[in-house]
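Structural features, examined
Residues per chain are reported as follows:
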Amino acid sequence: MGITAVIDRVLGVWAVRADSSADRVALEGGLRSITVVRSWLASAEADLSSRLAGCASFPELAIAEAGRGSQHEAFRVLVGVATHGSVSDFRKRLKREAESLRADDGKERFERQEKAARLRRWTDADGMWCLSGRFDPLTGVRFNARLQAEIEAAFAESVPEGCPTDPQAKSEFLAACALTRIIEDGGVAQRAGRPEFVVVIEVDVDQESTDAPDSAEPPHDTKPDVRRPRVDWGLPVEIPWSVLIEPFGDSDAHPVIVRNGVVLYAPGELNLGRTTRLANRAQRRALRALYATCGIPGCGTSFDRCKIHHIVWWRHGGRTDLENLLPLCVHHHTLVHRDGWVITPGPGRTLTLRLPDSTVHNTGPPGRRAA
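Okay, so let's go over this structure. Residues take numbers from 1 onward in each chain, read along the sequence in its written order. Given that the model is predicted, a residue must reach a pLDDT of at least 70 before its local features are reported, and side-chain atom pairs must reach 80 or more before they are shown or counted; all residues, however, enter totals for whole chains, interfaces and linings. Hydrogens and water are ignored here; the side-chain numbers use all heavy atoms of the structure.

As for the packing of aromatic side chains
Applied cut-off: Think of it this way: a Phe, Tyr or Trp ring, Trp meaning its six-membered ring, pairs with another when their centres are within 6.5 Å, and the plane angle makes it stacked under 30 degrees, edge-to-face over 60, tilted otherwise. For a Lys NZ or an Arg CZ to count as sitting over a ring, it must be within 6 Å of the ring centre and within 35 degrees of the ring normal.
The final tally for this structure, using the stated rule, is 1 aromatic pair. Over the ring of W122 we find R120; its NZ or CZ atom is 4.3 Å from the centre of that ring. Of note, R274 hangs over the ring of W314, and the distance from its end group to the ring centre comes to 3.8 Å.

Here it is in structure tokens:
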């Protein structure tokens, strides 16, 4: 559609808005014009973002700054996926949901969710057998933990032949393979041990954080000015307090205590030196407590979809110690190894990021709500 047609559509919308007596036909026509203009703008955004990506070392940041959005939204534009609202809007929505659950302990809603469970099965036009399911949050937590444990156990060192390189496609492919393993023979993780959860305890956090209703900490009385640790149960969904204990009955819960980007306590061996290149489960737990997402600030790729990167590369003598490990999504991991991004750690897991075009970005300590 040419610019003249776009202008005509915009003028048409303006005319309808200015006409207080516009009838239904005119109003519907105005809405259709808005849809057409929105599609044209989305196409223009994708085109300009793609062109900017070709001349910027850190395209997500450049696009985010130009559009006053987040880097995660910018990355989704680059890969052609539409976003619906900012990360800030999403967080506010989660807070509202949490407040609603606390109002009645969420029990009534949870019971409705249990009854709304569904699993659809069909064959699509390509001959692929498809599944689509909806489960209550408790079942979802158990299923997700079991599936993630299988992915980590089966594909930590290598992936199946034909695995896609695109981060989203790769994640979905490995999840499908893991589900197949679980159904066919119980999977590797079932033989290796039970599913596990990481319970994050943040100490010395600011009062605003402790009083905010977006954590899964059970309510209890406290003096107004007394700071208390914030507890993150590590669950991807809200679960009523009355049933919160159930996921841990057949799983292992590991507490990790953090403060200002530093792990004060985590079970297991966190420093392996040069004995192995792969991070162990204890190190992954500690990193999960520090990072909810990719270690590059602004990237919203979840921790479960990240690789564990040696800040000082293994081939350059880097050690498999916690302070030298950082979760990176496939996209940013590729930029570090292929495109010359240089990451330098600082105190409290602050980072200095140097890009090929000589620009430098400094970041603060990691935070589980930083994405």
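Things to note about the pattern of salt bridges
Side-chain pairs of opposite charge can arise where the charged atoms are in close proximity. Defined as follows: Only one rule defines a salt bridge in this text: a Lys or Arg side-chain nitrogen within 4 Å of an Asp or Glu carboxyl oxygen.
Enumeration according to the criterion identifies 4 salt bridges in this entry. D321 is paired through a salt bridge with R319; the nearest N and O atoms lie 2.9 Å apart. The closest approach of N and O atoms between D339 and R338, which form a salt bridge, is 2.8 Å.

Side note on helix α7 (residues 137-155)
Convention followed: Secondary structure elements are taken from DSSP: a helix is a run of H or I of four residues or more, a strand is a run of E of two residues or more, and numbering for both begins at the N terminus. A helix is expected to span 1.5 Å multiplied by its residue count minus one. Polar contact is defined as a pair of N or O atoms within 3.5 Å, subject to the rule that within protein one atom must be able to donate a hydrogen and the other to accept it, and that residues adjacent in sequence are counted only when both atoms are side-chain atoms.
For α7, spanning 19 residues, the distance from its first C-alpha to its last is 26 Å, which sits close to the expected 27 Å at 1.5 Å a residue. The N-terminus of α7 is capped by D136, whose side-chain oxygen sits 3.0 Å from the backbone nitrogen of L138.

A word on the sheet that holds strand β10 (residues 351-354)
Heads up, the rule is: For two strands to be treated as a pair, DSSP must find at least two bridges joining them. As a rule, the C-alpha atoms of each element are fitted with a line to give its axis, helices using only the stretch in contact, and angles between N-to-C directions run from 0 to 180 degrees.
One open sheet accounts for 3 strands, arranged β9-β10-β11; its pairing is antiparallel. Each having just a single partner strand, β9 (342-345) and β11 (360-363) make up the two edges of the open sheet. Averaged over all adjacent pairs, the angle separating strand axes in this sheet is 20 degrees, with direction ignored. Relative to β10, β9 runs antiparallel, the two being bridged by 4 bridges. In the sheet register, I343 faces β10, and the bridge partner there is L353.

Brief notes about the nonpolar core
Counted only if it meets this: The criterion is simple. A nonpolar core is a set of buried Ala, Val, Leu, Ile, Met, Phe, Trp, Tyr and Cys residues joined through side-chain atoms within 4.5 Å. Relative accessibility decides the category of a residue: with a 1.4 Å probe and only protein chains considered, values under 20% of the type maximum give buried, values over 50% give exposed, and everything between is partly exposed. The contact criterion used throughout is that any non-hydrogen atoms of two residues lie within 4.5 Å.
One finds V263 and I343 to be the most contacted residues of the largest nonpolar core, which totals 35 residues. Contributing elements (two or more residues each) for this core: β3 (196-202), β5 (252-259), α12 (281-290), β7 (306-310), β8 (325-329), α13 (330-338) and β10. Of all the elements, α12 adds the most residues to this core, at 5 residues. Apart from the residues lying within four places of it in its own chain, the contact partners of I343 are I296, I311, L326, L328, V336, L351, T352 and L353.

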